[in-house]
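Structural description and commentary
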Amino acid sequence: MNKQKIIERIMERVKKDLENEGSGHDWWHVYRVWKMAKRIAKEESADPFTVELAALLHDIADWKFHNGDDTVGPRMARRILSRQGISEKIIDHVCEIIQMAPFKWAGVKTKMRTLEGKVVQDADRLDAIGAIGIARAFAYGGHKNQLIYDPNEKPILHRSKKEYLGSRSSTINHFFEKLLLLKDRMNTKTAKNIAKERHEFMEKYLKRFFEEWEGRI
Ligand code: ADP
Ligand code: NI
């Protein structure tokens, strides 16, 4: 089994599948998560092969776009992986990570069982904060026809899937409903450090946003 070759083949496959994704799960999101996951895996001594496979396949079928069905992604990943001569044990592990990786809504704290899972979840969450996170949030908001901000609307912490998926609040609200919560949800020490800086950047950004909103600066 040539691990490098397998990673390359999976990478090409995912790249092709996600080419036309416009909702923040495009190939470049996966690319960034993959790079970050590799970096965290190295620092945390996680198994790089499992981490790379799970990072590459983690958004292959998003639960939000399949009527809330979170089994589509792992099933698709298993189909792709089973053609590569990878051991069942690794395939099971990768699929478990893919099932658990996505952020659901504020009331749910998905707990990863293994270090490799923690690494991939951290890398995915890091891509939702900082400068990249801000860009993705506004891109998603545009895709959904959301206002960038609505001062009359207060942010809510969603307690259920229905509430989260049915939400049509402004993109600035999304910062309070998700993005600013992520710093405290990081699993690994490496990710916590990276998140801290990205979080501070978002706070500065928001402060300035509200100042500009009122024409003060
Ligand atoms: P993940 O890849 O972490 O599972 P999601 O699928 O929840 O993330 O969302 C993809 C991207 O779109 C993320 O950057 C997220 O912050 C952003 N996003 C999700 N929901 C909203 C929303 N209601 N308003 C603005 N941005 C959103
Ligand atoms: Ni993702």
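Placed above this text is the structure.
I will try to describe carefully the structure that is included in this document. Just so we're clear, the structure is a prediction, and the values are computed from it rather than from any experiment.

Quick notes on the overall build of the protein
Helix and strand counts for the protein come out as 10 helices and zero strands. The order of helices and strands in the protein, counted from the N terminus, is α-α-α-α-α-α-α-α-α-α. Just so you have it, the protein exposes about 11600 Å², and 51% of that area is on carbon and sulfur atoms.

Quick word on the coordination of the nickel ion (ligand 2)
In a perfect tetrahedron of four donors around a metal, the angles come out at 109.5 degrees. In a perfect octahedron of six, they are 90 or 180 degrees. His29 (NE2), His58 (NE2), Asp59 (OD) and Asp124 (OD) make up the full set of protein donors to the nickel ion (ligand 2), lying at 2.1 to 2.2 Å. Expressed as a motif, the donor residue spacing for the nickel ion (ligand 2) is H-x28-H-D-x64-D. With His29 in helix α2 (residues 27-44) and Asp124 in helix α6 (residues 115-126), the pair connects residues that are 95 residues apart, well separated along the chain. The two residues His29 and Asp124 agree in class, both being buried.

Let's talk about helix α5 (residues 88-100)
Taking 1.5 Å of rise per residue, 13 residues should cover 18 Å, and α5 covers 18 Å from first to last C-alpha, within 8% of that figure. Within α5 the residues assigned to the buried category are Ile90, Ile91, His93, Val94, Cys95, Ile97 and Ile98. On its buried face, α5 is in contact with α3 (48-57), α4 (72-81) and α6.

So, the packing of aromatic side chains
Applying the stated criterion across every chain yields a total of 13 aromatic pairs. Where Tyr31 meets Trp34, the ring centres are 6.5 Å apart and the plane angle is 75°; that geometry is what we call edge-to-face. Placement of the pair is Tyr31 and Trp34 together in helix α2, with a separation of three residues, close to one helical turn. Each ring, one from Phe138 and one from Phe175, has its centre 6.1 Å from the other, and the planes form 45°; the classification is tilted.

Thoughts on the environment of Glu52
Here Glu52 is to be found in helix α3. Given the relative accessible area of 12%, Glu52 is considered buried. Setting aside anything within four residues of it in sequence, one finds Glu52 in contact with Ile7, Trp34 and Lys38. Of note is the side chain of Glu52, whose polar atom sits 3.0 Å from the side chain of Trp34.

Some words on the packing of α4 against α5
Interaxial distance between α4 and α5 falls to 9 Å at its minimum, and their mutual angle equals 150°. Taken together, the axes of α4 and α5 are roughly antiparallel relative to one another. Classified by chirality, the crossing of α5 by α4 is right-handed. Across from Gly73, Pro74, Ala77, Arg78 and Leu81 in α4, the residues of α5 making contact are Glu88, Ile91, Asp92, Val94, Cys95, Ile98 and Gln99. Looking at side-chain class alone, the contact of α4 with α5 contains seven nonpolar, two polar and three charged residues.

Cut-offs and rules
Residues numbered from 1 in each chain as written. Chains lettered and ligands numbered in written order. Predicted model: local features only at pLDDT ≥ 70, side-chain atom pairs only at ≥ 80, totals over all residues. Heavy atoms only, no water. Helix = DSSP H or I, 4+ residues; strand = E, 2+ residues; numbered from the N terminus. Areas by Shrake-Rupley, 256 points an atom, 1.4 Å probe, with all protein chains shown as cover. Donors = N, O, S within 2.8 Å, 3.2 Å for Na, K, Ca; no water. Buried < 20%, exposed > 50% of the residue type's maximum accessible area, 1.4 Å probe, protein only. Expected span 1.5 Å × (residues − 1). Contact = heavy atoms within 4.5 Å. Phe/Tyr/Trp six-rings, centres within 6.5 Å; stacked < 30°, edge-to-face > 60°. Polar contact = N/O pair within 3.5 Å; in protein donor to acceptor, adjacent residues only side chain to side chain. Axes fitted to C-alpha atoms, helices over the stretch in contact; angles between N-to-C directions. Parallel < 35°, antiparallel > 145°, perpendicular 65-115°, else oblique. Left-handed = near helix turned anticlockwise from the far one by under 90°. Nonpolar A, V, L, I, M, F, W, Y, C, P; charged D, E, K, R; others polar.

Note that every value here comes from positions in space, so none of it alone points to a role or purpose.
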